[in-house]
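# A look at the structure
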Amino acid sequence: MASPSFVPFVDLAQQHHPLRSELLAAMAAVADRGDYILGRSVLQFEQSFAAACGVCHGVGVGSGTDALTLGLQACGVGPGDQVVLPVNTFVATLIGVLQAGATPVFVDCDLKTGLMDLTAVEQAITRRTRAIIPVHLYGQMVSPLALRALAKAYDVIVFEDAAQAHGAEREGLKAGSVGLAAAFSFYPSKNLGAMGDGGMVVAQQELVAQTVRSLRNYGSTRKYYHTDPGGTNSRLDTLQAAVLQIKLAHLDAWNCDRNRLAKLYDQALSPLAHSGIFPMVNDSGSGHVYHLYVIRLTQDCPVDRTRLQQELAAEDIQSGIHYPVPCHLQPAFHHLGCGAGNFPIAERLSQEILSLPMFPGMTDNQLEYVVETIAKVVKAHPVLI
Ligand SMILES: *Cc1c(COP(=O)(O)O)cnc(C)c1O
């Protein structure tokens, strides 16, 4: 079999190609209708996406970050409230909490899955804790049953950051349906991505949804009458909603393909366990939607991570690190008072993790080439004793 000449990290052009005429027709229809702001496609997609998540309401906003901010605000989270979140997440989770005016309280994560450590969450809860934000990292949900038990025992809100988990499922529940509300992002490379920025808050309660509808639209639901002081301008574009409506029909099939590819990776990589290379653990079977496929290069691995990335790049294989610096060590947030050593598992993972190419439509040939190349690099670096 010939080696593929290039293995991209994600391939959006390839994903859009078979949908090209359908996508262009939907965009042309928006152009012709002229309902560019909060048009028909927005309402249609809000309903379709909420239904796909198993919840009643969806409110389209400008980005995942705004979905976090406005969603938290609509759940009544604000100044004086503590919000518990993991440090190993994309920084937007933290930005959402800060923009809502609440006080972030960081917790560490589990070494094998990277998911928020729920024992640590329990220990971090105080009388001021208002909400916990589970991040369904890499496409795997934090246990819904455990989250609901925590919410009940401590009378706190669960607000999911589901930006990496469109369509994910665990213990019979869909991502977005576990807590009071959830935030999704439609950043292009997400499992369901727009052709630009976009986000959504999904919620079971009408009141929460109505509040986000107001907040995203200058704090008003009736033109020129403003009832909500926390309002801003953050709406999902009608054009993006039209694109997302078409792509939503393919989400389950794409997630299935990601899951299949992950199983192939797991199998193909298993001989490398002897060299200290392990995939992150899947505790949720086919409900894991593998936004990212992440491996760990543990201390037994003879190859340095930077070196492996360079050698992969030399063979035209892209890779990534999600994320190289945990939130509490980001220079922008030094003032929050945390430092090195505070969250040892997340800090260790940030040094060990590597994300390999993963996208629906990736070929078996591409996947085998990635694993063969890793094996070749490892073999070229004998274990030092
Ligand atoms: C992508 C992402 C966000 C932010 O979404 P944007 O649409 O880029 O603002 C938030 N949280 C997590 C975990 C993400 O991966």
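The rules behind these values
- Residues numbered from 1 in each chain as written.
- Predicted model: local features only at pLDDT ≥ 70, side-chain atom pairs only at ≥ 80, totals over all residues.
- Heavy atoms only, no water.
- 1 Å grid on protein atoms, 1.4 Å probe; cavity = no way out; pocket = protein on both sides within 12 Å on 5 of 7 lines; lining within 4 Å.
- Points joined across faces, edges and corners; volume = space filled by probe spheres on them.
- Helix = DSSP H or I, 4+ residues; strand = E, 2+ residues; numbered from the N terminus.
- Nonpolar A, V, L, I, M, F, W, Y, C, P; charged D, E, K, R; others polar.
- Domains from an automatic or database assignment.
- Contact = heavy atoms within 4.5 Å.
- Buried area = accessible area lost by both parts, 1.4 Å probe.
- Buried < 20%, exposed > 50% of the residue type's maximum accessible area, 1.4 Å probe, protein only.
- Patch = residues over 30% accessible without salt bridge, like charges linked within 9 Å, V, L, I, M, F, W, Y side chains within 5 Å.
- Areas by Shrake-Rupley, 256 points an atom, 1.4 Å probe, with all protein chains shown as cover.
- Salt bridge = Lys/Arg side-chain N within 4 Å of Asp/Glu carboxyl O.
- Near = heavy atom within 4 Å.
- Polar contact = N/O pair within 3.5 Å; in protein donor to acceptor, adjacent residues only side chain to side chain.
- Sits in = over half its atoms within 2 Å of the grid points.
- Core = buried A, V, L, I, M, F, W, Y, C linked by side-chain atoms within 4.5 Å.
- Pairing = 2+ DSSP bridges.
- Axes fitted to C-alpha atoms, helices over the stretch in contact; angles between N-to-C directions.

Our next topic: the layout of surface pockets. What the largest pocket holds in volume is close to 440 Å³. Taken together, 25 residues line the largest pocket, and the ones lying closest to its centre are Phe90, Ser185, Tyr187, Lys190 and Tyr323. Contributing elements (two or more residues each) for the lining of the largest pocket: helix H4 (64-74) and helix H5 (92-99). Per-element accounting of the lining of the largest pocket gives the leading share, 3 residues, to H4. Here the lining of the largest pocket is built from residues that sort into 11 nonpolar, 11 polar and 3 charged.

Here we come to the domain arrangement of the protein chain. The domains assigned to the protein chain are domain 1 (13-248) and domain 2 (251-379). A separation of 25 Å is found between the C-alpha centroids of domain 1 and domain 2. At the interface, 38 residues of domain 1 touch 36 residues of domain 2. Both sides together, the interface formed by domain 1 and domain 2 hides about 3,300 Å², and carbon and sulfur atoms give 64% of it.

Once that is clear, we can look at unusual backbone geometry. Most peptide bonds are trans, and most residues other than glycine sit at a negative phi. His322 connects to Tyr323 through a cis peptide bond whose omega is 10 degrees. Relative to the assigned elements, Tyr323 resides in the loop between helix H11 (305-314) and helix H12 (344-352). Located in the positive-phi region is Asp155, a residue other than glycine, with phi close to 50 degrees. When you line up the elements, Asp155 lands in the loop between helix H7 (144-154) and strand S5 (157-161). Classification of Asp155 by relative accessible area gives exposed; the value is 68%. Phi at Tyr224 is positive, roughly 70 degrees, even though this residue is not glycine.

A contiguous nonpolar patch, built from Tyr36, Ile37 and Leu38 and spanning about 280 Å² of accessible area, is present on the exposed surface. Topologically, Tyr36 is positioned in the loop between helix H2 (20-33) and helix H3 (40-53).

Near the ligand you find 17 residues, and of these Gly64, Thr65, Asp161, Ser185 and Lys190 are the closest. Measuring from an oxygen atom of the ligand, one finds a side-chain N or O atom of Thr65 at 2.5 Å. Between the ligand and Gln164, the relevant distance is 2.9 Å, taken from an oxygen atom to a side-chain nitrogen or oxygen of the residue. Relative to its unbound accessible area of 380 Å², the ligand is 93% covered by the protein chains. The cavity where the ligand resides is the largest pocket. Looking at the shell around the ligand, the elements with two or more residues in it are H4 and H5.

So, about the nonpolar core. Core analysis: the largest hydrophobic core is formed by 86 residues, its most contacted members being Phe45, Phe49 and Phe186. Shared between two domains, this core takes at least three residues from each, and those domains are domain 1 (13-248) and domain 2 (251-379). In this view, Phe49 contacts His166, Phe184, Phe186, Leu192, Met200, Val202 and Leu248; residues no more than four positions away in its chain are not counted. Membership of the second largest hydrophobic core comes to 28 residues, among which are Ile295, Tyr369, Val377 and Val378.

Our next topic: the sheet that holds strand S3 (residues 103-107). Pairing within the open sheet is mixed, and its 7 strands lie in the order S1-S9-S8-S5-S4-S2-S3. At either end of the open sheet lies a strand with only one pairing partner, and these are strand S1 (57-61) and S3. Neighbour-to-neighbour, the strand axes of the sheet open up by a mean angle of 25 degrees, direction not taken into account. Alignment of strand S4 (residues 129-132) against S5, held across 2 bridges, turns out to be parallel. Bridge assignment links Ile132 to a residue of S5, and that residue is Val158. Contacts between H3 and the sheet are confined to S1, strand S8 (181-185) and strand S9 (199-203), with S9 contributing the most and set at about 55 degrees to the helix. Sheet strands touched by helix H8 (residues 206-215): S1, S8 and S9. Its angle to S1, the strand with the most contacts, is close to 15 degrees.

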